[in-house]
Amino acid sequence: RVYQEVLDKKTADLERLNNQYRVLAEETHTLKDSVITDELTSVYNKRFFLNRLQLEFERCQKEKRLFSLIMIDIDFFKRLNDTYGHVVGDKVLKAVALVLKKQTPDDAYVCRYGGEEFSVIMPCHGVVDAMSVAQSFQENIQDLTFPEVDRNLNVTISQGVCTIDFAYDESKGIKSFDTALQCADEELYRSKINGRNRISINNLVGPKE
C-alpha cells in the first residue's frame, strides 16, 4: 500500500510537470510568433523581412540561384483612411494580406513592410514566376469587395519587382541585399508616378528578352 501511494504521487508529479512543460512550450511558441509576426495582418513583420531578405539573398548568391523581391503599396490608402476611418482601413489591410498569402508560393515570404506597404521575398524564383505572382496579386486584390462598407469601395495596388539571376557573372557586382531592396523600391515608385495600379519590373541581372 505504501509503495502504491509513493507510485501514485510520483505519477501525479510527472503529470503535473508534463502539463507545465506543455504550457511553457505553448507560451514560447506564442512569444516567438509575436516577435516575427505583424499583429494586425498575421503576415511576417519588418524585423523578420530584413533578416530573411539578407539570409535568402546571400543563399541564392552563394548557390548561384534566382532571386526575386516584390514591393507592394495599396493605392491612395491615406485617402481611404480619411474617407472611411481607420477601422475600415484595418479591414482593407487584413483583406489584402490574406490575398497575398493565398497567392504566394509556399517557399516565399509575405511581410508587412510598414503602413500600407507589403513585401514578398521569392528565393529561387526568377522573372517569369515573379511577374506571374505579381499579376495574380493585382487581379485578386482588384476583385476584393466591401459591401458592408461601401459597394463602390475598390482597392488597387502598385508593385515594384526586382529579379536577379546569380548564375550570370554580372551578378558579382551586387554585394548586398540592399541593392535588391533599392531596385524593387525604385520600381514601386515608378509604378506610382506612372499612374498606380500597375507593375514595374527590373530584371537587374539575367536574360533581357
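Procedures and definitions
- Residues numbered from 1 in each chain as written.
- Predicted model: local features only at pLDDT ≥ 70, side-chain atom pairs only at ≥ 80, totals over all residues.
- Heavy atoms only, no water.
- Helix = DSSP H or I, 4+ residues; strand = E, 2+ residues; numbered from the N terminus.
- Rg over C-alpha atoms; globule rule 2.2 N^0.38 Å.
- Buried < 20%, exposed > 50% of the residue type's maximum accessible area, 1.4 Å probe, protein only.
- Contact = heavy atoms within 4.5 Å.
- Areas by Shrake-Rupley, 256 points an atom, 1.4 Å probe, with all protein chains shown as cover.
- Lys, Arg positive; Asp, Glu negative; His and termini not counted.
- Charge placed at Lys NZ, Arg CZ, Asp CG, Glu CD.
- Polar contact = N/O pair within 3.5 Å; in protein donor to acceptor, adjacent residues only side chain to side chain.
- Salt bridge = Lys/Arg side-chain N within 4 Å of Asp/Glu carboxyl O.
- Expected span 1.5 Å × (residues − 1).
- Arc of directions from axis to C-beta.
- Pairing = 2+ DSSP bridges.

## A word on the overall build of the protein chain
Working step 1: When you go through the protein chain residue by residue, the secondary structure sums to six helices and five strands.
Working step 2: Listing every helix and strand of the protein chain by position from the N terminus yields α-α-β-α-α-β-β-α-β-α-β.
Working step 3: In summary, the protein chain has a C-alpha radius of gyration of 23 Å against a globular reference of 17 Å for 209 residues, an excess of more than 25%.
Working step 4: Viewed in the frame of its principal axes, the protein chain has a C-alpha envelope of about 85 × 50 × 20 Å.
Working step 5: Taking all 209 residues of the protein chain together, the buried fraction comes to 39%.
Working step 6: Once local pairs closer than 6 in sequence are excluded, the contacts in the protein chain between residues at least 24 apart make up 72%.
Working step 7: For the protein chain, the computed accessible surface area is about 12,400 Å², with 50% contributed by carbon and sulfur atoms.
Working step 8: Charged side chains in the protein chain number 28 positive and 33 negative. The centres of these two groups are separated by 3 Å.

## What about the side chain of Q159?
Working step 1: Relative to the helices and strands, Q159 is located in strand β4 (residues 157–165).
Working step 2: Among the residues examined, Q159 registers a relative accessible area of 0% and is labelled buried.
Working step 3: From its side chain, Q159 meets the backbone oxygen of A134 in a polar contact 2.8 Å long.
Working step 4: Residues in contact with Q159, not counting those within four places in the same chain, are I70, M71, I72, A134, F137, Q138, E187, L188, S191, R198, I199 and S200.

## Remarks on the pattern of salt bridges
Working step 1: Within the structure shown, the criterion is met by 10 salt bridges.
Working step 2: With its nearest N and O atoms 3.9 Å apart, the salt bridge here joins K91 to E148. Placement of the pair is K91 in helix α4 (residues 86–103) and E148 in the loop between α5 (127–142) and β4, with a sequence separation of 57 residues.
Working step 3: Here K91 falls in the partly exposed class, since its relative accessible area comes to 35%.
Working step 4: Among the ionic contacts, a cluster of salt bridges with common partners joins R52, E56, R59, E63 and R65.

## Section: helix α2 (residues 46–63)
Working step 1: With 18 residues, α2 extends 25 Å from end C-alpha to end C-alpha; this agrees with the ideal 26 Å at 1.5 Å per step.
Working step 2: Of all the positions in α2, only F48, F49, L53, E56, F57 and C60 are classed as buried. Down the axis of α2, the sector holding all buried residues measures 145 degrees, keeping them to one side. Summarising the geometry of α2, the exposed residues directed more than 90 degrees from the buried face are R47, N51 and K62.
Working step 3: Residue N45 occupies the N-cap position of α2, its side-chain oxygen lying 3.3 Å from the main-chain nitrogen of R47.

## Notes on the pairing of strand β3 (residues 117–123)
Working step 1: Most of β3 sits out of view: seven of its seven residues are buried.
Working step 2: Here β3 shows two buried faces, one formed by E117, S119, I121 and P123 and the other by F118, V120 and M122.
Working step 3: Here strand β1 (residues 66–74) pairs with β3 via seven bridges, running antiparallel. Within the sheet, the bridge partner assigned to F67 lies in β3 and is P123.
Working step 4: Taken together, the five bridges between strand β2 (residues 109–114) and β3 define a ladder with antiparallel strand orientation. By the bridge assignment, G114 is partnered in β3 with E117.
Working step 5: The loop that links β2 with its antiparallel partner β3 comprises two residues; one of these, G115, has a positive phi angle of about 55 degrees.

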